[in-house]
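Each chain, written out:
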Amino acid sequence: MGNLSFEKLLDNNQKWITEKLKENPDYFKKLSKGQSPKFLMIGCSDSRVPVTSLIKAEPGEIFIHRNIANQVNLTDINMLSVLEYSVEHLFIKHIIVVGHYNCGGVAAAVDGINQGLIENWVSPVNELYHKHSEELSSIKESSKMCDRLSEINVVAQAHNIIKTPVMQRAFKSGKFPKIHAWIFDIYTGKLIQKDINESKLIKEGLLPRNYLEIVN
Ligand code: CO
């Protein structure tokens, strides 16, 4: 893992250009014309979770935002700008929050090993840890407990997407994407879909009554 040297970066870029042009001589002409991706993905910054590679996506297919522990913080103007642009201008069809097992950000929220800003950034995960302490304390192995907290976190962040004014506006307009929560199982490479409990969110009024009919 991690054999890529700085010297190789630009060489690899040239190789990639050659490959793309071999496939299609107009590749960059087409790429430069604009984007109409169908998906917004919000993932963790962790180098082992390159969300576009995991699903074999090509340039132009995924609009993306990454931060430590894939947080959807309702005061984060960076994430909110990405969300607003993708929903109101690109009209993306799916928003996928991607968490992962063995997440350093989640571990930092539990044991506070990172001294510094990260602890502040992941404090919402620490809140989830305390909120779900009954379930989590029953998991003896600490890595398994953190993995379960990653699952709780990704679902909570998907719920946060739904709570944003951008999405509430979209729901009122009747044109909106479907929200998903996925976990990248770093031990096997598999992406696992987590249930975000849409029917409960509809009952609570956070999702519109016709949500499932519109998105399915
Ligand atoms: Co992570």
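Definitions and limits used
- Residues numbered from 1 in each chain as written.
- Predicted model: local features only at pLDDT ≥ 70, side-chain atom pairs only at ≥ 80, totals over all residues.
- Heavy atoms only, no water.
- Axes fitted to C-alpha atoms, helices over the stretch in contact; angles between N-to-C directions.
- Helix = DSSP H or I, 4+ residues; strand = E, 2+ residues; numbered from the N terminus.
- Parallel < 35°, antiparallel > 145°, perpendicular 65-115°, else oblique.
- Left-handed = near helix turned anticlockwise from the far one by under 90°.
- Contact = heavy atoms within 4.5 Å.
- Nonpolar A, V, L, I, M, F, W, Y, C, P; charged D, E, K, R; others polar.
- Domains from an automatic or database assignment.
- Donors = N, O, S within 2.8 Å, 3.2 Å for Na, K, Ca; no water.
- Buried < 20%, exposed > 50% of the residue type's maximum accessible area, 1.4 Å probe, protein only.
- Pairing = 2+ DSSP bridges.

Before going further, it helps to examine the packing of helix H4 (residues 77–88) against helix H10 (residues 165–173). Here H4 crosses H10 at 15 degrees, and the two axes come no closer than 9 Å. Classified by the angle their axes make, H4 and H10 are roughly parallel. The handedness of the crossing between H4 and H10 comes out as right-handed. Facing H4, whose interface residues are Leu83, Glu84, Val87 and Glu88, H10 presents Val166, Met167, Arg169 and Ala170. Residue classes in the contact of H4 with H10 are distributed as five nonpolar, no polar and three charged.

Right, let's get into the domain arrangement of the protein. Accessible area lost upon the coming together of the parts is a frequently used measure of interface size. Entries for the protein in the domain assignment read domain 1 (1–33) and domain 2 (35–215). Look at where the C-alpha atoms of domain 1 and domain 2 centre, and you get two points 30 Å apart.

For the cobalt ion, the full set of protein donor atoms is Cys44 (SG), His100 (NE2) and Cys103 (SG), and the range of their distances to it is 2.0 to 2.3 Å. All donors to the cobalt ion come from one chain, and their sequence spacing reads C-x55-H-x2-C. Taken as a pair, cysteine 44 in strand E1 (residues 39–44) and histidine 100 in strand E3 (residues 94–100) lie far apart in primary sequence, 56 residues in all. The same class applies to cysteine 44 and to histidine 100, which are both buried.

Backbone hydrogen bonds hold the strands of a sheet together, and the pairing may be parallel or antiparallel. Here we have five strands laid out as an open sheet, ordered E2-E1-E3-E4-E5, and mixed in their pairing. Across the chains shown, the open sheet's two edge strands, defined by having one partner strand only, are strand E2 (62–67) and strand E5 (190–194). Averaged over all pairs of adjacent strands, the angle between their axes in this sheet comes to 25 degrees, without regard to strand direction. In the sheet, E1 pairs with E2 via six bridges, with the strands oriented parallel. Of the residues in E2, the one forming a bridge with glycine 43 is arginine 66.

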